[in-house]
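# Observations on chain architecture
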Amino acid sequence: KIRVHINGVEQGMFIKSQHASHPVLLYLHGGIPLYFLTERYPTGLDEHFTVVWWDRRGSGLSYSADVPPESVSPEHLVSDTIEVTNYLRTRCGQERIYLMGHSGGTFFGIQAAARAPQLYHAYVAVAQMSNQLASERLAYDYMLQRFKDERNAKMARTLEASPVGDTVPLPDAYLSVRDVAMHRPGVGTTHDMRSIASGLLLRSLLFREYSVSEKIALWRGKLFSDRRLWNTQLATDLTKMVTRLEVPVYFLHGVHDYTVSYPLTRAYYEQLDAPTKGFYTFDQSA
């Protein structure tokens, strides 16, 4: 667990490996760093890679009240990704590394891979964002119909009172129930996770590799970052921004995922131009 200065801001990361000679894989988290979930869901990645679980600017280990709010922006985070990459290339003595983004992390990851392809062996996307506003509309329609089918009148009425349209920002009333609404039918973090409190909050508090203050920073950072990034991500259509990558590209996606739409990601994959591509569907995953 280390902290280094990246573009003028102290940023933290966990580095895990079984051998220092392994190729480096830099992991870009989404709305919250999920390294703490590897205790419950081991990835096995560190058997093959030197895995770097970086807590990006304003999040987790990298959260601080001193971080300028205006610096938590897509442009800064893409730049940070490239600078962290260069730090790891120097530290590990490797010309190129692997880049893996998850959910919100794919928003920055695919832009970094497009901007500096010479730094990467390949780009791997887990739940690649495409057009997130369209994704939210699909999620809203699915959840509303699902709760109606299950005769959950309360949740159905709550969603009907705050419909998702074609404009940003989304209704506050919808955002206040969005995560709960996604987890109850198993289309949120994992297909079998029904509660954010027990599935995420409790697991983060029990995780021994974060100190008490770092656990508090984990959740403070989520609120801090979400307020500064979410609307930009919603308003950006990546399918028009990034149409080609000069490195091999691999998309991994859970078919039950409505946090980031599976069919929209699949369509993005089909149109994305790259020297090598692979799409891998997980049938039991969100």
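Everything in this summary refers to the structure shown in the same document. Everything numeric here is computed off the predicted structure, so don't read it as measured data.

Turning our eyes to something else, we now look at the environment of Glu83. Relative to the helices and strands, Glu83 is located in helix 1 (residues 74-92). Distance from Glu83 to His5, taken between C-alpha atoms, is 9.8 Å for residues 78 residues apart in sequence. For Glu83, the residues in contact, after removing those within four places along its chain, are Ile6 and Asn7.

Interaxial distance between helix 6 (residues 196-206) and helix 7 (residues 212-235) falls to 9 Å at its minimum, and their mutual angle equals 150°. Taken together, the axis directions place helix 6 and helix 7 in an arrangement best described as roughly antiparallel. Along the contact surface, helix 6 presents Leu200, Leu201, Ser204, Leu205 and Leu206, while helix 7 presents Lys215, Leu218 and Trp219. Partitioned by chemical class, the residues of the contact of helix 6 with helix 7 number 6 nonpolar, 1 polar and 1 charged.

The next subject is the pairing of strand 1 (residues 2-6). Judged from the 5 bridges that link them, strand 1 and strand 2 (residues 9-16) form a sheet pairing that is antiparallel. For His5, the partnering residue across the bridge sits in strand 2 and is Glu10.

Here we take up the packing of aromatic side chains. If you walk through the whole model with that rule in mind, you get 16 aromatic pairs. When the centroid spacing of 5.4 Å and the interplanar angle of 75° are considered together, the rings of Phe49 and Tyr98 count as edge-to-face. Within this pair, whereas Phe49 is found in the loop between strand 3 (24-28) and strand 4 (50-55), its partner Tyr98 is found in strand 5 (residues 97-102), the two being separated by 49 residues in sequence. Given a relative accessible area of 25%, Tyr98 falls into the partly exposed group. Measuring from ring centre to ring centre gives 6.0 Å for Tyr140 and Tyr174, while their planes differ by 70°; the resulting arrangement is edge-to-face. Note that Tyr140 is positioned in helix 3 (residues 132-149) and Tyr174 in helix 5 (residues 172-183), a separation of 34 residues in sequence. Accessibility expressed as a relative area gives 6% for Tyr140, which makes it buried.

Conventions used here
- Residues numbered from 1 in each chain as written.
- Predicted model: local features only at pLDDT ≥ 70, side-chain atom pairs only at ≥ 80, totals over all residues.
- Heavy atoms only, no water.
- Helix = DSSP H or I, 4+ residues; strand = E, 2+ residues; numbered from the N terminus.
- Contact = heavy atoms within 4.5 Å.
- Axes fitted to C-alpha atoms, helices over the stretch in contact; angles between N-to-C directions.
- Parallel < 35°, antiparallel > 145°, perpendicular 65-115°, else oblique.
- Nonpolar A, V, L, I, M, F, W, Y, C, P; charged D, E, K, R; others polar.
- Pairing = 2+ DSSP bridges.
- Phe/Tyr/Trp six-rings, centres within 6.5 Å; stacked < 30°, edge-to-face > 60°.
- Buried < 20%, exposed > 50% of the residue type's maximum accessible area, 1.4 Å probe, protein only.

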